[in-house]
Amino acid sequence: MMKDKKRFKKTNNRVVHGKTPEERFKEIRGMTIEEWNEQQFKAKTGMTPDEWYINEAKSTTPFNFIKERYGTVTEDDIKLVKDLQLMGLKDDVIYVLLDYVAIVSRIGMVHLLVKEMGENWFNEKIFTIEKAISYVREQQKKYM
């Protein structure tokens, strides 16, 4: 019977017991991959990923976001953004909403879906970018 020689790995004359790459990384570095990536990001940019994202959302209009992501802004896109603004959502919250849809939607930006999600966010009282980011993270945890 062959023993699994890869079960334990020596690193710096220390045996690493983690079964997954994440467990081994944490054992070796003392932090998760996500924490390490955040440290590296902060060292390069001088801010955390969340600070960078908030800065990006506050400095980019929804129209510029659509143009950068999809290459053009249509009349329907303009109507959608204006409807979301009239609903009471701020541009930075709309940015997060559009970004979320762009990431999770496999069929592109369906205006009716985005508008319905905007109404849901309004009903959930998601009026700040921090609340929007938090809400998106909660949604991701539910479905991932």
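Residues numbered from 1 in each chain as written. Predicted model: local features only at pLDDT ≥ 70, side-chain atom pairs only at ≥ 80, totals over all residues. Heavy atoms only, no water.

### Focus: the overall build of the protein chain
Regarding its fold elements, the protein chain presents eight helices and two strands. Across the 144 residues in the protein chain, those meeting the buried criterion constitute 31%. Nonlocal contacts in the protein chain, meaning residues at least 24 apart in sequence, comprise 48% of its contacts between residues at least 6 apart. For the protein chain, the exposed surface amounts to about 10,600 Å²; the carbon and sulfur share of it is 52%. (Helix = DSSP H or I, 4+ residues; strand = E, 2+ residues; numbered from the N terminus. Buried < 20%, exposed > 50% of the residue type's maximum accessible area, 1.4 Å probe, protein only. Contact = heavy atoms within 4.5 Å. Areas by Shrake-Rupley, 256 points an atom, 1.4 Å probe, with all protein chains shown as cover.)

### Details of the environment of V110
Inspection of the secondary structure puts V110 in the loop between α6 (91-104) and α7 (111-123). Among the residues examined, V110 registers a relative accessible area of 33% and is labelled partly exposed. Along the chain, V110 and D77 lie 33 residues apart, while their C-alpha atoms are 9.9 Å from each other.

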